[in-house]
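Examining the three-dimensional arrangement
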Amino acid sequence: MSTPRSPEALYHAIPQALAPEDDHESSPDILELETGETQMMEESFVPSDPPAVVVDTQVWWIHFILGCCVLLPWNVTLTATNFFFLAHATAVSKRTSPSRQIRQCLMWLSIFCLLLTISTYVRLPASLFMALTLLIGAAQSALGSYLQTSVVAVASLFGPQALQSMMSGQAAVSVAVSSVQVMSSALFVWKSTPEQITANAVNGDAERDSARVFFALSTFFLLISAFAHNILVSKTTYKILIGSLEYKMIPETGSVEHEQALTSLGRENFAAEWNRIMRVAKANISFELAVAYVFIVTLRSAAESPTTPIINSDFLFMLILFAFGFSNGYVSSLCMMSAPSLDHNPRLKGRKEDVDVAATVASFSLVGGLALGSMASFV
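Residues numbered from 1 in each chain as written. Predicted model: local features only at pLDDT ≥ 70, side-chain atom pairs only at ≥ 80, totals over all residues. Heavy atoms only, no water.

1. What to know about the overall build of the protein
To keep things clear, this is the line we draw: Per the convention used, a helix needs a DSSP run of H or I reaching at least four residues, while a strand needs a run of E reaching at least two, with both numbered from the N terminus. Only protein chains enter the calculation, and the probe is 1.4 Å; a residue is then buried if its accessible area is under 20% of its type maximum, exposed if over 50%, and partly exposed in between. Any two residues whose heavy atoms approach within 4.5 Å at even a single point are treated as in contact.
Secondary structure summary: the protein contains 14 helices and two strands in total. The buried share of the protein, taken over its 379 residues, is 40%. For the protein, contacts bridging at least 24 residues in sequence account for 82% of all contacts bridging at least 6.

Below you can see the structure in the form of structure tokens.
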């Protein structure tokens, strides 16, 4: 007997008997074993977040690593095209396998980081180097967008603890990237004479060596992340929780059903997905506005003002920035964890199928806040 491919089958460890034809109105949800006999009980079932025990130490760190990978393309080559690719990635998030999409994005990001590493050994014409850098930057922005939607969708189904670890990884990679860049630059000018430092400023040797170390470490980290993701996919808890996204009823290639799926059904499914996204976005509008607003205010406030400041103190300026960073990190993490939570967000009304949608829409709002805040900093 073949294994059922329906997502609902993944949530039942014991096969349930078919209900009699004349009793089609009852739909038992809980199976109990009493005195050696299997009895079906009609009880209402209220969906809730997965128990905290599901996110063990290994799962927590894997989501932490994947969170680092989500923002690593932004730190390697930061471009605004990420926001536009993310809009499409959010719209089609239900139509792709998250494990396959994460695996492919990680491998392609590794390849592009490797190309950037190799570019530090080769002197190219300025125009060719600029074109290559822009092309790789746009490609990494696109890959980072699709990687983000899949990682957020998976983490949301594991529960708030997984989302919290993913957000921690995003914060950690920003600090780590800045630290690696500073330390690698300092390493190559360490104990250099003023004449050597001047020569490095002219020929760019220190910058080239620093970039080489940074891109090489990024490539290695992405490969390690792909290995960690394979460990996560192999876990039984992943197959149970993420089965609704991974296993879909796909008709065989060449069949009549397959041809129909490629035509009219495809348009109907896209319309249904779009309606679901808009419904969830409207219900969670407070979370989405909050997670976007905190980054708009922070990035705009960090911009240099051409006018004379009211408080002309570097210490107070850094203190205010620290307060902004602490508060927006706290608020954005709470919004990202609460928006897709069945326990903490009554607006979802217990719909498990809306959990990953709510998470990806909130993630899109976060990136939208980053993009708008970055643009506002130039005004």
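On we go.
2. Here's the deal with the packing of helix H4 (residues 126–158) against helix H14 (residues 355–376)
Under the convention used in this document: Here the axes come from fitting lines to C-alpha atoms, over the contacting stretch only for helices, and the angles between their N-to-C directions go from 0 to 180 degrees. Note on angle classes: values under 35 degrees are labelled roughly parallel, values over 145 roughly antiparallel, values of 65 to 115 roughly perpendicular, and the remainder oblique. Two helices cross in a left-handed way if the nearer one is turned anticlockwise from the farther one by less than a right angle. They cross in a right-handed way if the turn is clockwise. Gly is placed with the polar residues, together with every amino acid not listed as nonpolar (Ala, Val, Leu, Ile, Met, Phe, Trp, Tyr, Cys and Pro) or charged (Asp, Glu, Lys and Arg).
Close contact between H4 and H14 brings their axes to 8 Å; oriented N to C, the two are set at 135°. By the criterion of interaxial angle, the relationship of H4 to H14 is oblique. Considering only the axes of H4 and H14, their crossing is right-handed. Side by side, H4 and H14 meet where Gln-148, Thr-149, Val-152, Ala-153, Ser-156 and Leu-157 of the first sit next to Val-355, Asp-356, Ala-359, Thr-360, Ser-363 and Val-367 of the second. Classifying every residue of the contact of H4 with H14 gives six nonpolar, five polar and one charged.

3. Focus: the nonpolar core
Operational definition: Each nonpolar core is a collection of buried residues, namely Ala, Val, Leu, Ile, Met, Phe, Trp, Tyr and Cys, held together in the definition by side-chain atoms within 4.5 Å.
Core analysis: the largest hydrophobic core is formed by 71 residues, its most contacted members being Leu-106, Leu-147, Phe-158 and Ile-242. Non-local contacts of Ile-242, meaning those with residues more than four positions away in its chain, are made with Pro-98, Val-154, Leu-157 and Phe-158.

4. Things to note about the packing of aromatic side chains
Stated formally: Each aromatic pair joins two rings of Phe, Tyr and Trp (for Trp, the six-membered one) with centres within 6.5 Å, and gets the label stacked for planes under 30 degrees apart, edge-to-face for over 60, and tilted for any other angle.
Evaluation of the coordinates by the stated rule reveals six aromatic pairs. Arranged with centres 5.7 Å apart and planes meeting at 15°, the rings of Trp-60 and Phe-64 form a pair that is stacked. Here Trp-60 and its partner Phe-64 are both found in helix H1 (residues 57–76), four residues apart, which amounts to about one turn of the helix. Put simply, the rings of Trp-60, Trp-61 and Phe-64 touch in pairs and so form one group of aromatic residues.

5. Section: the packing of helix H12 (residues 285–301) against helix H13 (residues 314–338)
How two helices pack is summed up by the angle between their axes together with the distance between the axes. Where H12 contacts H13, the two axes come as close as 9 Å, and the packing angle between them is 160°. Considering the angle they form, H12 stands roughly antiparallel to H13. The chirality of how H12 crosses H13 is left-handed. Where H12 abuts H13, its residues Phe-287, Ala-290, Val-291, Val-294, Phe-295, Val-297, Thr-298 and Ser-301 lie against Phe-317, Phe-324, Asn-328, Val-331, Ser-332, Cys-335, Met-336 and Ser-338.

6. So, the confidence of the model for the protein
Inclusion rule: pLDDT is a residue-level measure of predictor confidence that goes from 0 to 100.
In this model, the protein carries a mean pLDDT of 75, and residues with pLDDT of at least 70 account for 70%. Across residues 1–45, where pLDDT falls below 50, the model places 43 contacts with residues more than four positions away in sequence or in other chains. Every residue in residues 255–265 scores below 50 in pLDDT, and together they form seven contacts with partners more than four places removed in sequence or on other chains.

7. Quick notes on the environment of His-63
Take His-63: it is sitting in helix H1. Separated by 89 residues in sequence, His-63 and Val-152 place their C-alpha atoms 9.4 Å apart. In this view, His-63 contacts Val-154, Ala-155, Phe-158, Ala-162, Ser-165, Met-166 and Leu-232; residues no more than four positions away in its chain are not counted.

8. Section: the pattern of salt bridges
Cut-off, in case you're wondering: For this document, the term salt bridge refers to a Lys or Arg side-chain nitrogen within 4 Å of an Asp or Glu carboxyl oxygen.
Throughout the structure, instances matching the rule amount to two salt bridges. A salt bridge links Asp-354 to Arg-276; the shortest N-O distance between them is 3.9 Å. Taken together, the residues Asp-354 in the loop between H13 and H14 and Arg-276 in helix H11 (residues 264–283) connect sequence positions 78 residues apart. Given the relative accessible area of 23%, Arg-276 is considered partly exposed. Among the ionic pairs, Arg-279 bridges to Asp-354, the shortest N-O distance being 2.8 Å. Placement of the pair is Arg-279 in helix H11 and Asp-354 in the loop between H13 and H14, with a sequence separation of 75 residues. With a relative accessible area of 35%, Arg-279 lands in the partly exposed category. A single network of salt bridges, built from pairs that share partners, joins Arg-276, Arg-279 and Asp-354.

9. Some remarks on a nonpolar patch on the surface
Note the threshold: In this scheme, patches are assembled from residues that exceed 30% relative accessible area and form no salt bridge. Like charges are connected within 9 Å, while nonpolar side chains (Val, Leu, Ile, Met, Phe, Trp, Tyr) are connected within 5 Å. All accessibility values rest on the Shrake-Rupley procedure with a 1.4 Å probe; residue burial counts only the protein chains present in the view.
Together, Trp-108, Ile-111, Leu-114, Leu-115, Ile-118, Tyr-121, Val-122, Leu-124, Leu-128, Phe-129 and Leu-132 make up a nonpolar patch on the protein surface, roughly 1,000 Å² of accessible area in all. If you list the elements that add at least two residues to the nonpolar patch, you get helix H3 (98–119) and H4. The biggest single contributor to the nonpolar patch is H3, with five residues. For Leu-124, the location among the structural elements is in the loop between H3 and H4.

10. Some thoughts on the environment of Ile-242
Mapping Ile-242 onto the fold places it in the loop between helix H8 (236–241) and helix H9 (243–246). Residues Ile-242 and Ser-97 lie 145 residues apart in sequence; the distance between their C-alpha atoms is 9.7 Å.

11. Here's the deal with unusual backbone geometry
Notably, Lys-349 is not glycine yet its phi reads approximately 55°, a positive angle. Here Lys-349 shows up in the loop between H13 and H14.

12. Focus: the side chain of Thr-149
Operational definition: Pairs of N or O atoms are called polar contacts if they sit within 3.5 Å, as long as, within protein, a hydrogen donor faces a hydrogen acceptor (for residues adjacent in sequence, only side-chain-to-side-chain pairs).
The residue Thr-149 is located in helix H4 in this model. At 2.9 Å, the side chain of Thr-149 forms a polar contact with the backbone oxygen of Tyr-146.

13. Section: H4
Three- or four-residue spacings in an α-helix give side chains the same orientation, since the helix completes a turn every 3.6 residues. Cut-off, in case you're wondering: Helix span, expected: 1.5 Å multiplied by one less than the number of residues in the helix.
Here H4 is 33 residues long and its end C-alpha atoms lie 47 Å apart, about the 48 Å a rise of 1.5 Å per residue gives. Of the residues trailing H4, Gly-159 is marked for its positive phi of about 115°.

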